[in-house]
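Fold and geometry: a report
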Amino acid sequence: MFSKLTSSSLYRTTAFMLLAGMIILLMILGKALLIPLAFAAFLAIILSPLCEWLEKRDIHGSIAAFLCLLVATLVIGGIITFFIMQMSALADNVSTFEENLNQMIRQGAIYLGQQLSDSEISRLSSFKEALGFMFQDAQSVLGTLLVIIASSFVYILFLFTFIVLFLIYRKDFVQFAVYLLGDENHSMQHMLLKIERVVRNYLVGIFQVMLILAICNSIALWLFDVPNALFFGVFAALLNVVPFIGPIVGSIIPALFALVVSGSSTLAVSIIIYFIVIQSLENYLITPNIVGKKVSINPMFTLISIFVGNMIWGISGMILFIPLTAVLKQVLDEINGLQPYAQLLGELDKDYFKIEQESQESADV
């Protein structure tokens, strides 16, 4: 049965599996460095056309890179400003929200106290008291929060630094890969261009999906008469970038807010049903037609990449491993003997089959 399995193909398979295992081990051990590097590389790919445009207008590469970072910072700052303005608008509903929330907590505390025979829980009468009961060691919680804020600030600082460095030295990285592998047939340049294109197309497709979801969510929540519908609609769309977890959180928060403000469980259930419907449309219609066509990844391996990414890098891996899988597919597609693995991950380029057919015909002759 295995007579047709040549030693060379068996060797290539074994070598590929060993290399894959070493790469996974390296990703686990070096995730503290590799995660910000991966995010920075993908963001630099998005900003590289703007950087090239500035350099063509006789702007020094370093200055062009910092200008690109400034544009990205302004965009992020605009999003943060939008959320701050929308959150300040929530102040109009704070009194109603707090009053209804405290009433629900009192009722829930009495019920739980009776069920658990705990008089201390039954005496809880406000949201502040409930938080104090759950986090009795306030100093420990505050210290943990300060550590998270400080580490996030340092993480963002390193991320911005890596983005600038990737933009400044992007051509040097390409030349290094070309010289290292002796790229006489320009196959390495071709592969790098394909990787850049597929990553940029994927990220642009994700932004398009988020924009569509933000519009649909905001309109739906406005029709449901949910206060600050635009805020919750955009918030849920942004959370959609985190597979599985993001859509759940993005649907529960506006539903709970509507439940507390209006006191209507029917409205909360209606909002949950809407998000289930829109999420189904996003999974089976919107994303496959916008993002799927740009990366051509098998849906099964898309799910596998999300689970493996979560196992290796946590939430960051769930976000990063889909474009990384698309990059892996392009790499395998360019290496002789490894095209079957690329085919397994997703549809191969039609040019590959044409080249293979021509080479086979010439060999037969």
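Not measured: the values here are computed from a predicted model. (Residues numbered from 1 in each chain as written. Predicted model: local features only at pLDDT ≥ 70, side-chain atom pairs only at ≥ 80, totals over all residues. Heavy atoms only, no water.)

1. Considering a nonpolar patch on the surface
A surface patch of nonpolar side chains, about 590 Å² in accessible area, is lined by Phe244, Ile245, Val249, Ile253, Leu303, Phe307 and Ile315. At three residues, helix α11 (residues 245–262) tops the list of elements feeding residues into the nonpolar patch. Within the fold, Phe244 resides in the loop between α10 (229–239) and α11. (Patch = residues over 30% accessible without salt bridge, like charges linked within 9 Å, V, L, I, M, F, W, Y side chains within 5 Å. Areas by Shrake-Rupley, 256 points an atom, 1.4 Å probe, with all protein chains shown as cover. Salt bridge = Lys/Arg side-chain N within 4 Å of Asp/Glu carboxyl O. Helix = DSSP H or I, 4+ residues; strand = E, 2+ residues; numbered from the N terminus.)

2. With respect to the pattern of salt bridges
The tally for this structure, following the rule as stated, stands at three salt bridges. Notably, a salt bridge pairs Lys171 with Glu55, separated by 3.7 Å at the nearest N-O pair. In this pair, Lys171 sits in helix α8 (residues 170–180) while Glu55 sits in helix α2 (residues 31–55), placing the two residues 116 residues apart along the sequence. The class of Lys171 is exposed, set by a relative accessible area of 53%. Residues joined by salt bridges that share partners form a network here, namely Glu55, Arg170 and Lys171. (Buried < 20%, exposed > 50% of the residue type's maximum accessible area, 1.4 Å probe, protein only.)

3. Observations regarding unusual backbone geometry
For Asp58, which is not a glycine, the phi torsion comes out positive at approximately 60°. You can see Asp58 is positioned in the loop between α2 and α3 (61–89). Positive phi values are uncommon outside glycine, yet Asn228 reaches one of about 55°. Note on placement: Asn228 falls in the loop between α9 (187–223) and α10.

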